[in-house]
Amino acid sequence: MPRLPRLSLAIMAPLCLTLLYLCLIGAEFFYEKSQKQEQVAESQLAQIRQQMFRLQHIVSEALAVQDIDRISQEVSLAATDLDLMVMVLVDPASNIRYANHLVWQGSRASQVIDGYDVLRHQQTIAADKPWVQINPQRLSIQAYYPVSHKGIPRYGDINLIYLEYDLSGSYSRALQQLQQRFMQIWGGGAVFILLFLMVFHYIGVRPLRQLLRLARAAKLDALGQPVAMASLEVARLQEYIHTTEQRLQRALKQLRDSEQRWLFAVEGSQTGIWDWQITTGEVFLSDRWKEMLGFAPRDVKNEYGAWESRLHPDDKEAVIGRLQNYLNGESEVYESRHRLMHRQGHYIWVLDRGMVVEWQPDGRPARLIGSQRDVSEDVRNQQAVAHQANHDALTNLANRRAVMDALYEFQQASGAGLPRMGALLMIDLDNFKLINDALGHHHGDRLLIQVAARLSGFFNGNALVSRLGGDEFAIMVLDLATNEQQASQQALQLGVELRQLLARSFQLSDQTINVSASVGICLFDNHHMHEPSQLLRRADMAMYEAKDSGRNGCALYDDALEDKATENLWLQNELRHAIEREQLSLVFQPIYNRDGELVCCEALCRWYHPERGPISPAQFIPVAEECGLILNIGHWVLLEVCRTIKAMEAKGTPMPAVAVNISARHFNQSDFAERLIALLKAQSVSPKQIELELTEYALLSNLSVISERMQHLRRAGFSIAIDDFGTGYSSLSYLQSLPLSRLKLDAAFVGRIGTEAGDAIVRAIVEMGHSLDLQVVAEGVETELQQQYLSLLECDFFQGYLLGKPMSASLLVADKRDASISA
C-alpha cells in the first residue's frame, strides 16, 4: 500500500486555519446575503402595497366621475420608476386600457405581458381582495388589485390593476453594499490570521522542530534541557520523549541481559526449542530437541517434515488437528501431548507448546515458536490423571464425582451375591462459615486440610473419604453388619467416633481452634436400588437433623426427616412475614445481683403464629440464622427494645438496663456500630440502657477490627457481654484485649453443678473472669444448690427460672417496684 504524503505542521496549521476562516466567512456572507434579499423584498413589498392601495382608490374615484386624465397622469407618474416593469389597468375581458408603456394599450394583457395570469385575474375579482406575491423565479413582485366602481356597472370598464415590480436592481445594490463590508472584514481577518500564524510558528512549530532534531540525534542530555518559549504541551512532550528514550535504553539493556539468560537457560535445561517459519516451511530445531530423540545436531534437517514424519500414527491426526485449530484461531493456545519416534525405534511422550509471534499482512500466522519437553515418565503414571479428575484439589480427598461413581457401582451390583450393607456419613463442620468469614479463607482452607488429614488417617481401605465442597465431607463405608439394626448401631458408633476425632483442637498459626461436627447417616444395601443423588440427599437431611438437634451430634435418616424438611421450609417462609404481620413479641428475664437486687434484664424474642400458636426460639432462630433473616429479626428486637424503654419511661416506671442478643452475622457487619448508634439516637434512648450480648462466634474475626468496633461502642456508652461463654471457638487470649464488661456463664455448665467436673469448670470460669476484671453472670440458675455454690464463688449476677421467668415489661417493672418496697 503506497504511503500517503504528509504535510508539515507549519503548512497544515495555516491551511486548516485559512480554510476554516474562509468557510466561516463564506457561510456568514451567504447567510447575510439571503437575509438582505429578504429585507429588500419585504421593504419593496410594503411600498408596493402602499402605492397600490393609493392607486386603487384614485382609479376608483376617477372612474366614478369619469376623470380619464387623472388616471393617465397617475399611470405616467408611476412609470417614472425605472424598476417598475409593468403597470396596467385591464377590463374584465383582459384588455389593457392604461399601461406604463403606451404600445400595450388596447392589447390583450395575456398576449403582451409574460407574468400576467388570466385565472389569477378572475380569482382576484371574485374574491374582491388584493393578491400580492414575490416571484423568486422572475425576481419581481406581482400584484393584482381589484377596482371598485361604487355602483357603476363593471362591464367594459376597468376592474383590475396589475403590477409587476423588478427586484433585481434592489438586490444588486444591497449585494454591492454587503460585498464592500465583507471585503473589509476579510482584510482584517487576514491580518489577524497572519499575526496568529507568526505567533504559532514561534511558540509551536519552532520548538517542535527543535525537539525533532534532538530526538533524531538521540542526544539524551540535550533532550533533558528545556526548549525556549515552548508551550506546556511541548514541554510535556519533551519530558515524555526524554523519559521514553531513557526507558528504551534500559529496555535494550534488559533485553540483552534476558537474551543472555535465555540462551543460558535453554542450553542448561531439558527443554527443546523449535521455530517454524510457516510461510517458507523452514524450521529451526535446537540441539536439545534433536538430542531428546537420540540424534546429533547434524543428523536431522531443519524442515517441517523432520517433525511430522516422526509423529506416532495414532497421534498424528489429532496433533495436526490441534495445531491447525490453533492456527485458525479456534483455540487460544497450542498444547499437545503426543508421541515421537526415537532414533532407536521406540516412541517417547513429549509435551509440545507453541504460540504465534508473527502475522502476515492478511492476518494469517507467519511464525510459530514453541518448546518441547520429554514427559514420558508423567504419562506412564495414568493414575495421576484419574486422581485429578476424581479428587478434591484442596484436600486431595475424593470429590463428589468419585462418591457418585462409587455409589453407582455399588448399586449396579444390586441383587448380586450375598447381602451387603453400607453407610453414607455426611459430616458438616458447625458454624464453619463464621470461622471462614472471621479468620479468612486462607485459614479456613488450612482447617479443612487438617480435617481431611484426620479423617483419612482414621479409616483403612474399607471406606471412601471425600470432600463434597465447602465444609461438607462424606464417608462411604461398606461391609457393615448384614442386619439393619446392627448396621445402624455400627454407623452411629462410627459417627460418635468421628465427632470425637474432630473435637480435638486444631492449630492454625498462633491460634487454637476447636470445632464441632454434625453427622448425618444414611444406610444402603445391594438389594435395593437407589440413585446416588438420592442417597446423598438423605444423608444431607440427616446431617441437618443433627444440626437442628443442637449441633455436635449424629442423626440417622428415616422417612420422618422428609416431613421435617417440609416443616423447616414452612418455618422459613412464615418467618419472612412474621415481623410485618406483628407475630413477634419480646419478654424480659430479670438478672439479679448477690443481694437479690434487679440490676438488668435480658430481652428474649417470642413468636406466636395464628395457626400454630407459640413457636419455640429453638425452632425458628436456627432457621433465621441459616436463611439470613436473623438480621431483620435483630434489627426489630433492637427497635422494639427502644420503644419499650420509651413507653415505660412515659408511664413513670423506667426499666433497668436491657441486654440484647446480637448475632455474630449482625455484629460483623462493617457498619453495625454506626447504625446501632443512629438507631438509639433516633429513638432518644441512651446507650447506657442497652447491654450487647455477643456469642464467642462473633469474636472469630480480625482482632484489631473487633477491638476497634467494641471500643467505638464502649465510648458511646454501651456495655458488652460475652454470652454462652465456654461453648464457642474463640481463643481465651482475645478476652485480654477486648473492652468487655461481663461474661455470661453458659447454662449447660451451671446445670452440671453438683458434679466434680461441673464444679471445677464453673469455678475456673468464674475465677478467670474475675482475674480479667470482668463481672460474671450465671445463666440457667434453677436450684438453690446452684445459687449457693455460685454465691460461694462470688459470682456477680444470677439469671434463671429460680429467680424469675421471662415476663412482659410491665410485670418486670412491677416486680422491681415490689422488690424495692420489700427492701
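What you see is a predicted model; the values in this text were computed from it and never measured. (Residues numbered from 1 in each chain as written. Predicted model: local features only at pLDDT ≥ 70, side-chain atom pairs only at ≥ 80, totals over all residues. Heavy atoms only, no water.)

> How do you make sense of the overall build of the chain when you look at a structure like this?
Helix and strand counts for the chain come out as 27 helices and 26 strands. The proportion of buried residues among the 823 residues of the chain is 42%. Look at the contacts in the chain between residues 6 or more apart in sequence, and 63% of them connect residues 24 or more apart. As displayed, the chain has an accessible area near 44,800 Å², and 53% of this comes from carbon and sulfur atoms. (Helix = DSSP H or I, 4+ residues; strand = E, 2+ residues; numbered from the N terminus. Buried < 20%, exposed > 50% of the residue type's maximum accessible area, 1.4 Å probe, protein only. Contact = heavy atoms within 4.5 Å. Areas by Shrake-Rupley, 256 points an atom, 1.4 Å probe, with all protein chains shown as cover.)

> So what exactly am I meant to see when it comes to the pairing of strand 21 (residues 657–662) here?
Both strand 19 (residues 598–609) and strand 21 contribute to a ladder of four bridges, which runs parallel. Along strand 21, the bridge assignment pairs C600 with A657. (Pairing = 2+ DSSP bridges.)

> Would you mind showing me how to read helix 19 (residues 617–627) here?
Note: α-helices contain 3.6 residues per turn, so residues at a spacing of three or four share the same orientation. Within the sequence span of helix 19, burial applies to F620, V623 and A624. Projection of helix 19 onto a plane perpendicular to its axis shows the buried side chains occupying an angular sector of 100°, all on one side. Exposed and oriented more than 90 degrees from the buried face of helix 19 are A618 and E626. For helix 19, the capping residue at the N-terminal end is S616, with a side-chain oxygen 3.1 Å from the backbone nitrogen of A618. After helix 19 finishes, the residue G628 shows a positive phi value of roughly 90°. (Arc of directions from axis to C-beta. Polar contact = N/O pair within 3.5 Å; in protein donor to acceptor, adjacent residues only side chain to side chain.)

> Would you explain the confidence of the model for the chain in this entry?
Note that predicted coordinates carrying low pLDDT should not be read in detail. Residue-level pLDDT values for the chain average 83, and 89% of them are 70 or greater. Within the chain, the element-level pLDDT minimum falls on helix 6 (residues 220–223), averaging 57, and the maximum on strand 26 (residues 797–798), averaging 95. Taken as a whole, residues 151–156 scores under 50 in pLDDT and shows ten contacts with residues more than four places along the chain or in a different chain. (pLDDT = per-residue confidence, 0-100.)

> What is the right way to look at the pairing of strand 11 (residues 421–429) in this model?
Buried residues dominate strand 11, accounting for nine of its nine residues. Burial of strand 11 is two-sided: the residues M421, A423, L425, I427 and L429 facing one way and the residues G422, L424, M426 and D428 facing the other way are all buried. The pairing of strand 11 with strand 16 (residues 517–525) spans nine bridges and is classified as antiparallel. Across the sheet, residue I427 finds its bridge partner in strand 16, namely V519. Looking at chain direction, strand 11 and strand 13 (residues 472–480) are connected through seven bridges and run antiparallel. Counted as the bridge partner of I427 is F473 from strand 13.

> Help me understand a nonpolar patch on the surface in this model?
A surface patch of nonpolar side chains, about 370 Å² in accessible area, is lined by I11, L15, L19 and L22. Tracing the chain through its elements places L15 in helix 1 (residues 9–65). (Patch = residues over 30% accessible without salt bridge, like charges linked within 9 Å, V, L, I, M, F, W, Y side chains within 5 Å. Salt bridge = Lys/Arg side-chain N within 4 Å of Asp/Glu carboxyl O.)

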